[in-house]
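For reference, the chains in residue letters:
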Amino acid sequence: RRAVLAHVDGGSLDARAVFDLELVLEELMMNIVMHAWPDPAGRRIALAARRDGDAVELRLEDDGTPFDPVSAAERPRAATLDEARPGGLGLPLLRRRVRAMHYERRDGLNRLTLRVGGASAA
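Residues numbered from 1 in each chain as written. Predicted model: local features only at pLDDT ≥ 70, side-chain atom pairs only at ≥ 80, totals over all residues. Heavy atoms only, no water.

### A short note on the side chain of Glu27
Tracing the backbone shows Glu27 in helix 2 (residues 15-35). Apart from residues lying up to four places away in sequence, Glu27 is in contact with Gly90 and Leu93. (Helix = DSSP H or I, 4+ residues; strand = E, 2+ residues; numbered from the N terminus. Contact = heavy atoms within 4.5 Å.)

In structure tokens:
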């Protein structure tokens, strides 16, 4: 997180963009590590970040199980507390915090490109 911010920020991103960037990055990395492989040891995750005006573009690649967060269905919301189960909030959170999101599976890798900050997300 600190390395990404140091690379793309320089103190000039607005507070909302920094918050969104940190939240999105944490959610994505956590979900890759928790869900992409039965055993993450020796697996590959690559992260690239670049500043584009008042926005940041992130690209994450992993060699885990194919998963397209762009077209994946969100879990229905529980109608009652008894029906509520942990998890299922990452996709809605991600979709609210990013301006643009593109997924492709290429050469055995999940490749997710996101734009955070800039003009407001949804």
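Back to the write-up after that little detour.
### Observations concerning the sheet that holds strand 3 (residues 100-106)
A sheet is described by the order of its strands in space; here 4 strands give the open sequence 1-2-4-3, paired in antiparallel fashion. Strands at the two margins of the open sheet, each flanked by one partner only, are strand 1 (45-52) and strand 3. Strand-to-strand twist of the sheet, defined as the mean angle between neighbouring strand axes without regard to direction, takes the value 15°. As paired elements, strand 1 and strand 2 (residues 55-62) share 8 bridges and run antiparallel to each other. The residue bridging Arg50 from the neighbouring strand is Glu57, located in strand 2. (Pairing = 2+ DSSP bridges. Axes fitted to C-alpha atoms, helices over the stretch in contact; angles between N-to-C directions.)

### Topic: the pattern of salt bridges
Scanning the entire structure with this criterion turns up 10 salt bridges. Taking the shortest distance from any N to any O, the salt bridge between Glu61 and Arg59 comes out at 3.9 Å. Here the salt bridges share partners, and the residues they tie into one network are Arg44, Arg59, Glu61, Glu104, Arg106 and Arg111. (Salt bridge = Lys/Arg side-chain N within 4 Å of Asp/Glu carboxyl O.)

### Here's the deal with the confidence of the model for the protein chain
Per-residue confidence for the protein chain gives a mean pLDDT of 86; residues scoring 70 or more make up 95%. Element-level mean pLDDT values for the protein chain span from 81 in helix 1 (residues 2-8) up to 96 in strand 3. (pLDDT = per-residue confidence, 0-100.)

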